[in-house]
Amino acid sequence: IKYAMPTFVLVGRNLIHFAAFKHHIGLYPAPAALESFGTQLSAYKSSKGAVQFQLGQPLPLGLIRRIVKFRVAQVLEKADKK
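For every chain, the first residue of its written sequence is number 1, and the numbers climb from 1 along that sequence. With the structure being a predicted model, the display of local features is reserved for residues of pLDDT at least 70 and the display and counting of side-chain atom pairs for 80 or more, all residues being used for whole-chain, interface and lining totals. The side-chain values count all of the structure's non-hydrogen atoms but skip hydrogen atoms and water molecules.

**A few points about unusual backbone geometry**
Phi is positive for Ala4, which is not a glycine, with a value near 60 degrees. Going along the chain from the N terminus, every DSSP run of H or I of four or more residues is numbered as a helix, and every run of E of two or more is numbered as a strand. Here Ala4 is to be found in the segment before strand S1 (7–10). Throughout, exposure labels follow a simple rule: accessible area from a 1.4 Å probe, protein chains only, divided by the maximum for the residue type, with under 20% read as buried, over 50% as exposed, and the rest as partly exposed. We classify Ala4 as exposed; its relative accessible area is 77%. Phi is positive for Val11, close to 45 degrees, though the residue is something other than glycine.

**Quick look at the sheet that holds strand S4 (residues 45–46)**
Following DSSP output, two strands are said to pair if at least two bridges run between them. Strand order in the open sheet formed by five strands is S1-S2-S3-S5-S4, and the pairing between neighbours is antiparallel. Both outer strands of the open sheet, S1 and S4, are each paired with one neighbouring strand and no more.

**Examining the nonpolar core**
Formed by Ile16, Leu27, Ala33, Leu34, Phe37, Leu41, Val51, Phe53, Leu63, Ile64 and Ile67, the largest nonpolar core amounts to 11 residues. Elements with a contribution of two residues or more to this core: helix H1 (31–36), strand S5 (51–54) and helix H2 (61–81). At three residues, H2 tops the list of elements feeding residues into this core. The contact criterion used throughout is that any non-hydrogen atoms of two residues lie within 4.5 Å. With residues up to four places along the chain from it excluded, the contact list for Leu34 reads Pro29, Leu41, Ser47, Lys48, Gly49, Ala50 and Val51. We define a nonpolar core as any set of buried Ala, Val, Leu, Ile, Met, Phe, Trp, Tyr and Cys residues linked to one another through side-chain atoms lying within 4.5 Å.

**Considering the packing of aromatic side chains**
Aromatic rings from Phe, Tyr and Trp, taking only the six-membered ring of Trp, are treated as a pair when their centres fall within 6.5 Å; an angle between ring planes under 30 degrees marks them as stacked, one over 60 as edge-to-face, and anything in between as tilted. Evaluated as defined, the whole model comprises three aromatic pairs. Consider the rings of Phe8 and Phe18, whose centres lie 5.8 Å apart with planes at 25 degrees: the pair is stacked. Here Phe18 lies in strand S2 (residues 13–20) and Phe8 lies in strand S1, a separation of 10 residues in the sequence. Between Tyr44 and Phe53 the ring centres are 5.0 Å apart and the planes differ by 75 degrees, which places this aromatic pair in the edge-to-face class. Accessibility expressed as a relative area gives 3% for Phe53, which makes it buried.

Have a look at this one:
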């Protein structure tokens, strides 16, 4: 738990946060991940560091999987540089 949200951590770095709210599920990868997937996320409400998936709508599991894989690659690349 980080920032009062469930968080996946990889090699000591925050990988991705998520949280459920009254009307949506929030996904909080790093801003670079959201920039990289901007076109694919255009159907969803988003900000610099978050994307919202409305409750009652199917989750885009394939897109979420690709975002997580992107973050894994980012974190591992940074870890290799140290």
